[in-house]
Amino acid sequence: MQQTLKAIVDNCIKELGTCNDLSALNTIKVKVLGKNGELTQVLRGMKDIAPDERPKAGKLINEAREQIEKEIDQKENVLNELELQKRLENERVDITLPSAKVSHGALHPQTIVRNKIIDIFTSMGYSVEDGPEIETEYYNFEALNIPDDHPSKDMQDTFFITDSMRYNIILRSQTSNTQIRVMEKTKPPIKMINPGRVYRCDDIDATHSPMFHQIEGLVVDKGINMSDLNGTLGAFVKELFGSKARTRLRPSFFPFTEPSVEADATCPFCDNKGCRVCKGTGWIEILGAGMVNPKVLTNCGIDSDVFTGFAFGMGVDRITNIFYGITDCRIPFENDIRFLKQFR
Ligand SMILES: [Zn+2]
């Protein structure tokens, strides 16, 4: 029996010597100390030994077990240490390596110009208001003094969502609905701009898009007159295109303003000398404006005998195209990275 035990211990030590991972170690453990292991088999053989020999045999078996357990424990410690080293090596971070290249995004040119316009007017004390893009006919047309037979109410020009007899739901064709909504709930003085998207039944081509962006402004107070409008637009154009820029007003017509004007700015490309962009005129049309029609004030519950106001509206897309010399209004919507990268 002593020889058997010695053979088991020696063999175990030999196997431990070549074992180099924890799962192989576990196999050895089971093979020797497990329920049917080599040492357990010897222990079971005790019943065949003479009773007075048993204490001696038991002692030998225990010694063998202790030795084997000690050897396995030592090996386990060594292997655990190795495993840790290996993991640390694998997970090592080389902080001297250059980092992966992060590409920076940029604001869309229209967002840049819209923010610039908003900055100019908020610096003059205007609030920024928002309104619904899905609107009733009333807020888009009627309240703005646009009669039923006006061409802009034609199905060819406006996207109709419902087609009932009264208060059709439409996609707003101008941001002026926001002005009506603000005037209904606010007592003058009012000094606001309202940027947003508008929709018109246009096929997309170089100069038309079924969706575009407007920024409108509205000032209502006692004693507001045409010279206030002229001064405001003059200051705006100088801020936008530079201190040399000038403005001129031409008579025009809109149902919601009376009198109405178109405002031109001196061409920023040729300094009013005439070039390809301004078609040789030296001037570029930038917005429509006028004194708020008293009927519109009355529609919103504002006493038009006491208060007057001016309003203006411009296309952000148009101003952006002028600003950056973009000649096709489809390009800003094509998401072409080569185009958009230029505005970083
Ligand atoms: Zn020009």
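These remarks concern the structure in this document. (Residues numbered from 1 in each chain as written. Predicted model: local features only at pLDDT ≥ 70, side-chain atom pairs only at ≥ 80, totals over all residues. Heavy atoms only, no water.)

Another aspect to go through is the coordination of the zinc ion. Summarising the metal site, the zinc ion is bound by the protein donors Cys-267 (SG), Cys-270 (SG), Cys-275 (SG) and Cys-278 (SG), whose distances to it range over 2.2 to 2.4 Å. Metal-centred angles of 103 to 117° between the four donor atoms at the zinc ion mark the site as tetrahedral. Read in sequence order, the donor residues for the zinc ion give the motif C-x2-C-x4-C-x2-C. Given the relative accessible area of 2%, Cys-267 is considered buried. (Donors = N, O, S within 2.8 Å, 3.2 Å for Na, K, Ca; no water. Tetrahedral: all angles 85-135°; square planar, octahedral: opposite > 155°, others 65-115°. Buried < 20%, exposed > 50% of the residue type's maximum accessible area, 1.4 Å probe, protein only.)

All told, the structure shown has 14 salt bridges when counted by the stated rule. In this structure, the salt-bridge partner of Glu-63 is Lys-59, at a minimum N-O distance of 3.6 Å. Pair noted here: Glu-63 and Lys-59 are both in helix H4 (residues 54–90), with a separation of four residues, about one helical turn. Overall, Glu-63 belongs to the partly exposed group, its relative accessible area being 42%. Two residues, Arg-181 and Glu-135, come together in a salt bridge whose shortest N-O distance is 2.8 Å. Of the two residues, Arg-181 sits in helix H7 (residues 176–185) while Glu-135 sits in strand S2 (residues 134–136), which places them 46 residues apart along the sequence. Judged by its relative accessible area of 29%, Arg-181 falls in the partly exposed class. Several salt bridges converge on common partners, so that one network encompasses Arg-248, Arg-250, Asp-264 and Glu-285. (Salt bridge = Lys/Arg side-chain N within 4 Å of Asp/Glu carboxyl O. Helix = DSSP H or I, 4+ residues; strand = E, 2+ residues; numbered from the N terminus.)

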